[in-house]
Amino acid sequence: PHLAALVLARGGSKGIPLKNIKLLAGVPLIGWVLRAASDAGVFHSIWVSTDHDEIEKVAKQFGAQVHRRSPKVSQDSSTSLEAIREFLNHHHEVDIVGNIQATSPCLHPSDLIKVADLIQKEGFDSVFSVVRRHQFRWSEVKKGENKMTEPQNLNPAKRYRRQDWPGELYENGSFYFARRHLIEKGYLQGGKMAYYEMRAEHSVDIDIDIDWPIAEQRVLSFGYFGKEPLKEVKLFVCSVDGCLTNGRIYVTEDQKEMVSYDYRDIVGIDLLKKRGIQVRFISERDCSKTLSAIQLGCIAEVKATNKLQVLENWQKDMGLNWKEIAYLGNEESDVECLKTAGMSGVPADACTVAQKAAGYICKSNGGCGAVREFAEHIFLLLEKVNSARKQ
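Summary of the structure given here. None of these values were measured; they are calculated from a predicted model.

Let us now look at the sheet that holds strand β10 (residues 235-239). If you trace the 6 strands from one edge of the open sheet to the other, you get β14-β13-β10-β15-β16-β17, paired in parallel fashion. Each edge of the open sheet is held by one strand with a lone partner, namely β14 (299-301) and β17 (360-361). Pairing analysis gives 4 bridges linking β10 to strand β15 (residues 325-328), with the strands arranged parallel. In the sheet register, Leu235 faces β15, and the bridge partner there is Ile325.

Attention now goes to the sheet that holds strand β7 (residues 126-133). Taken in spatial order, the 7 strands make up an open sheet running β5-β4-β1-β6-β8-β7-β9, and their pairing is mixed. Of all the strands in the sheet, just β5 (65-68) and β9 (193-198) have a single pairing partner and so form its edges. Strand-to-strand twist across the sheet, computed as the mean angle between neighbouring axes with direction ignored, equals 30 degrees. For strand β4 (residues 45-50) and β5, the ladder comprises 4 bridges, and the chain directions are parallel. Paired with Trp47 across the bridge in β5 is Gln65. Against the sheet, helix α3 (residues 80-90) makes contact with β1 (3-8), β4, β5 and β6 (96-101), and its axis sits at roughly 135 degrees relative to β1, the strand it touches most.

Enumeration according to the criterion identifies 18 salt bridges in this entry. The residue Asp76 makes a salt bridge to Arg10 at a minimum N-O spacing of 3.1 Å. With Asp76 in the loop between β5 and α3 and Arg10 in the loop between β1 and β2 (23-24), this residue pair connects regions lying 66 residues apart in the sequence. Under the relative-accessibility criterion, Asp76 is labelled exposed at 51%. Where Lys60 meets Glu56, a salt bridge forms, and the shortest distance between an N and an O atom there is 2.9 Å.

This brings us to the pairing of β9. Every second residue of β9 is oriented toward a common face, the buried set being Ala194, Tyr196 and Met198 and the non-buried set Met193, Tyr195 and Glu197. Bridging between β7 and β9 involves 6 bridges; their strand directions are parallel. Its bridge partner being in β9, Phe128 is matched across the sheet by Tyr195.

Grouped together as the largest cluster of nonpolar side chains are 43 residues, with contacts concentrated most on Phe236, Leu244, Phe281, Phe374 and Ile378. In terms of residues, this core owes the most to one element, helix α13 (residues 370-390), which gives 8 residues. Residues lining this core come from more than one domain, with at least three contributed by each of domain 1 (3-222) and domain 2 (235-389). One finds Ala36, Ala37, Leu112 and Leu118 within the second-largest nonpolar core, a separate group that totals 37 residues.

Looking now at the pairing of β10. On a regular strand, one side chain projects to one face of the sheet and the next to the other, so that they alternate. Burial within β10 is extensive, with 5 of its 5 residues counted as buried. Where burial is concerned, the two faces of β10 agree: the one with Leu235, Val237 and Ser239 and the one with Phe236 and Cys238 are both buried. Here β10 pairs with strand β13 (residues 278-282) via 5 bridges, running parallel. Pairing of Ser239 across the sheet is with Ile282, part of β13.

This paragraph deals with unusual backbone geometry. With a phi angle near 55 degrees, Lys303 is a residue other than glycine that sits in the positive phi range. Here Lys303 is to be found in the loop between β14 and α10 (307-318). In this structure Lys303 comes out as exposed when scored by relative accessible area, which is 56%.

Turning our attention to the side chain of Glu168. Within the secondary structure, Glu168 sits in strand β8 (residues 168-179). Within the local environment of Glu168, its side chain forms a polar contact with the side chain of Arg137, the two groups lying 3.2 Å apart. Separated by 2.9 Å, the side chains of Glu168 and Tyr170 make a polar contact. Apart from the residues lying within four places of it in its own chain, the contact partners of Glu168 are Val131, Arg132, Arg133, Gln135, Arg137 and Asn153.

Reading the values: rules and limits
Residues numbered from 1 in each chain as written. Predicted model: local features only at pLDDT ≥ 70, side-chain atom pairs only at ≥ 80, totals over all residues. Heavy atoms only, no water. Pairing = 2+ DSSP bridges. Helix = DSSP H or I, 4+ residues; strand = E, 2+ residues; numbered from the N terminus. Axes fitted to C-alpha atoms, helices over the stretch in contact; angles between N-to-C directions. Contact = heavy atoms within 4.5 Å. Salt bridge = Lys/Arg side-chain N within 4 Å of Asp/Glu carboxyl O. Buried < 20%, exposed > 50% of the residue type's maximum accessible area, 1.4 Å probe, protein only. Core = buried A, V, L, I, M, F, W, Y, C linked by side-chain atoms within 4.5 Å. Domains from an automatic or database assignment. Polar contact = N/O pair within 3.5 Å; in protein donor to acceptor, adjacent residues only side chain to side chain.

These values are about where atoms sit, not about what they do.
So, in structure tokens, the structure goes:
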């Protein structure tokens, strides 16, 4: 049976404008679940249903196909079931839909693989995600009612300790898998049903803006970053023009060139060095005088006609794995380096092709703190590496 992953990503969001493609830990929100779905390897096709051009562009960057939903199912009042049924009306080849919520950035491929087995091998008609919670519930007393609240799932005279109570299962909305015949009858859950219990740390849902910084920390700690395990970064390579500087060159009347840089970036470079990470620079033009003036004390390759070749030479000379190299670039000439390095980033104002190739898009522009920001991102990922080692 054709199993399709379907992510619903409407452009209109009352809480956070274009929430589905807002950057979370340097990756568009929808990118986290699309990466997990792709690496799971169980879907015959992966789709994003959207009504917005920008969301379509991001979806295609992550390898998904796009279904342009109609205005009829793109309203605030439209339900997920309506959007899924419309998708099925246009895609008769699909037998099973795995509806994955775009706002669940800690979803892992291993979860999706197990759910696919429940549907395809064990014969369930629908499977949905739940999370276990240890919360005592009480009946609601509306304002003005002369009533007492009542316990719903506990005896106050004999309260459970957490370790003595298994808790309860709640839907967390991460995904709903269902066969076509159920959806066509108007159900996402029905027939032979099963739940799939997700780990609590993977159950992250972004609903309101205040959750964003919390979610970023959760993603950095528990998110899925790709098939290859993260490694400790040992070399940081930065393109000069447009990353360390803002890319502008000022020329004086006596034909001397001047550039500007942000002191925050210099601090970021110093912090990288203190963590034992070697820092090197690369540039297509001869900016040796600029680097000498800033006095960074780092190896640099200027007039580099082939940046990837330079990077490969450094990688071999230092005996490094590609996963141990981080690269910050911003131009078309940086694309191959961004694709090859284990960790890659671009400033917010980098060209479109560079942004597509990068794993992290900074909030800061080039020459305005992007180096420092990317350094901080590296430090957070290194914490994840160290945590994995301890475990």
